[in-house]
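# What the coordinates show
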Amino acid sequence: MDLYEYQGKQLFRRFGIPVSEGRLATSPEEARAAAVDLGGPVVVKAQVLTGGRGKAGGVKLADSPADAEQKAREILGLDIRGHLVRRLWIELASDIAKEYYLSVTFDRSEKKPLFMLTTEGGVEIEQVAAESPDALARLHVNVLENFQPYQGRRLIYGSGISDAGEQRQVLDIIGKLYACFTQSDAMLCEINPLIVTPDGTVKALDAKVTVDDGALFRHPDIAEMRDVAAADPFEAFAREKGVTYVKLDGSVGILGNGAGLAMSTVDVVVVAGGRPANFCDLGGGGDAEGVVDALEVITRDPDVRSIFFNIFGGITRCDEVARGILAALERMSIELPMVVRLDGTNAAEGRALLEGTPNLYVEPTMLDAARRAVELAA
Ligand code: GDP
Ligand code: MN
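Values in this document were obtained by computation on a predicted structure and should not be read as measured data. (Residues numbered from 1 in each chain as written. Chains lettered and ligands numbered in written order. Predicted model: local features only at pLDDT ≥ 70, side-chain atom pairs only at ≥ 80, totals over all residues. Heavy atoms only, no water.)

### Looking at the pairing of strand 13 (residues 244–247)
- Only one face of strand 13 is buried, namely the one carrying Tyr245 and Lys247, since none of Thr244 and Val246 on the opposite face is buried.
- With four bridges joining them, strand 13 and strand 15 (residues 278–281) adopt antiparallel strand pairing. Within strand 15, the residue paired with Tyr245 across the bridge is Cys280. (Buried < 20%, exposed > 50% of the residue type's maximum accessible area, 1.4 Å probe, protein only. Helix = DSSP H or I, 4+ residues; strand = E, 2+ residues; numbered from the N terminus. Pairing = 2+ DSSP bridges.)

What follows is the structure, given as structure tokens:
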């Protein structure tokens, strides 16, 4: 789950990472009131779950409450990379002398948390990594040893930060960011930019935090930060049902068992000349309950014209999935044509069970099934 900047900063504040004071606003009037309340020049910032807001015109300085109201009017309703701006974060504007970058995330190949620090902040980190890789200091944390200040110092020396006051503050922030990362079960904590003000104070001007969905049950306070209104309604319904689902823009509804197979199915539908309406992973099972849930999610989408059920039986047995499909069809009425490809363990038994079901087409291969599903969706 991705947090909005203001939520990330709320978390940072809890761990003692310095951030600017600010207020949330959802209207130009609230933005003005926030600026009055804060009592100084402010920055009006679009709250959307995507980066590059500055470049897209979603971050603007305002030197008076009236100006804040005006800037809010300009930013609210903007479309930033497909994200509609409905919330603003109004914070006391900072003077910037330097822009650094600091993050901690997982390096899956090393199986360790990875810190990155560079004095070339403000721009996208991918650009720094590509254009001046030497400027990017990296440090892996041994989770058994836990984070130690000497590691932080090594990271700071590597980045070339030489001012003693900055070093001391950055070291403190690194330790607190690690605490935030581990104690929140985060997968990413990124500060870009981490600024140094003209008087030498270091603080987080932006916050990008991703928390592991699988750990949200341990963090009800973070879980409730989720913005349900911003989520796709079909995806929200799927989440409720516990179905792994991503809405796409085509007309062939897709159901596969296992994320890899579901992704390949999306590809094969495109190869067959069609457009997938969604990605849906049934998971390892295939019992009636799971099939009903997945079908309920897929058939809710009015764009779906045909359903492609792609199952490869490994541990999951095809006859069991076939029984799941039949049970699901008994429990809910589905008008849409369904194409089923069953292969692997007990495929023949599974196909035999489905034989003769009206409006259901059993195809022997993935490509045949994709072609049929595309044809039926036309
Ligand atoms: P992003 O573009 O989505 O990463 O949004 P950021 O929060 O990083 O803001 C983008 C840029 O706006 C920053 O890199 C800063 O240069 C600028 N900015 C943000 N807040 C302030 C501020 O308080 N004062 C000044 N002078 N610039 C700011
Ligand atoms: Mn940023």
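### Digging into helix 8 (residues 233–241)
- What helix 8 keeps buried is the set Phe234, Phe237 and Ala238. Projected down its long axis, helix 8 shows its buried positions confined to an angular sector of 100°, all on one face. Of the residues in helix 8, the exposed ones pointing more than 90 degrees away from the buried face are Pro233 and Glu240.
- Its buried side turned inward, helix 8 meets strand 13 and helix 10 (288–300).
- Where helix 8 ends, the next residue or the one after it, Gly242, has phi of about 75°, a positive value. (Arc of directions from axis to C-beta. Contact = heavy atoms within 4.5 Å.)

### What about the site of ligand 1?
- In the vicinity of ligand 1, 16 residues are found, and the nearest of them are Lys45, Arg53, Gly54, Ser94 and Glu99.
- Between Gly54 and ligand 1, the recorded distance is 2.8 Å, taken from a backbone N or O atom to an oxygen atom.
- Between ligand 1 and Glu99, the relevant distance is 2.8 Å, taken from an oxygen atom to a side-chain nitrogen or oxygen of the residue.
- For ligand 1, whose free accessible area comes to 560 Å², the fraction covered by protein is 79%.
- At the level of secondary structure, the elements contributing two or more residues to the shell around ligand 1 comprise strand 2 (42–46), strand 3 (59–62) and strand 10 (186–196).
- Residues belonging to the shell around ligand 1 are distributed by class as follows: seven nonpolar, five polar and four charged.
- Inspection of the shell around ligand 1 shows a minimum of three residues originating in each of domain 1 (21–92) and domain 2 (98–223). (Near = heavy atom within 4 Å. Polar contact = N/O pair within 3.5 Å; in protein donor to acceptor, adjacent residues only side chain to side chain. Areas by Shrake-Rupley, 256 points an atom, 1.4 Å probe, with all protein chains shown as cover. Nonpolar A, V, L, I, M, F, W, Y, C, P; charged D, E, K, R; others polar. Domains from an automatic or database assignment.)

### Here we look at the coordination of the manganese ion (ligand 2)
- Looking at the metal site, the manganese ion (ligand 2) is ligated by Asn192 (O) and Asp206 (OD), spaced 2.2 Å from it. Highlighted residues: Asn192 in strand 10 and Asp206 in the loop between strand 11 (202–204) and strand 12 (208–211), separated in sequence by 14 residues.
- With relative accessibility at 13%, the residue Asn192 sits in the buried group. (Donors = N, O, S within 2.8 Å, 3.2 Å for Na, K, Ca; no water.)

### Examining the domain arrangement of the protein
- In terms of domain boundaries, the protein breaks down into domain 1 (21–92), domain 2 (98–223) and domain 3 (233–377).
- The centre of domain 2, based on its C-alpha atoms, is set 42 Å off from the matching centre of domain 3.

### A look at the packing of aromatic side chains
- Tallying each qualifying case throughout the model produces seven aromatic pairs.
- Here Tyr6 and Trp89 contribute two aromatic rings whose centre-to-centre distance is 6.0 Å and whose plane-to-plane angle is 20°, an arrangement assigned as stacked. Remark: Trp89 occurs in strand 6 (residues 88–92) and Tyr6 occurs in helix 1 (residues 5–14); sequence separation between them is 83 residues. Judged on exposure class, the residue Tyr6 and its partner Trp89 are both buried.
- One aromatic cluster is present, formed by Phe106, Phe115, Phe147, Tyr178 and Phe181 through successive ring pairs.
- Of note, Arg300 hangs over the ring of Phe237, and the distance from its end group to the ring centre comes to 3.6 Å. (Phe/Tyr/Trp six-rings, centres within 6.5 Å; stacked < 30°, edge-to-face > 60°. Lys NZ or Arg CZ within 6 Å of the ring centre and 35° of its normal.)

### Some words on the pattern of salt bridges
- Evaluated as defined, the whole model comprises 32 salt bridges.
- We note a salt bridge from Asp227 to Arg87, for which the minimum N-O separation is 3.3 Å. Taken as a pair, Asp227 in the loop between helix 7 (220–223) and helix 8 and Arg87 in the loop between strand 5 (83–84) and strand 6 lie far apart in primary sequence, 140 residues in all.
- When its relative accessible area of 10% is taken as the criterion, Asp227 is described as buried.
- The salt bridge involving Arg372 is made with Glu363; its shortest N-O contact spans 3.4 Å.
- On the accessibility criterion, Arg372 (25% relative accessible area) is partly exposed. (Salt bridge = Lys/Arg side-chain N within 4 Å of Asp/Glu carboxyl O.)

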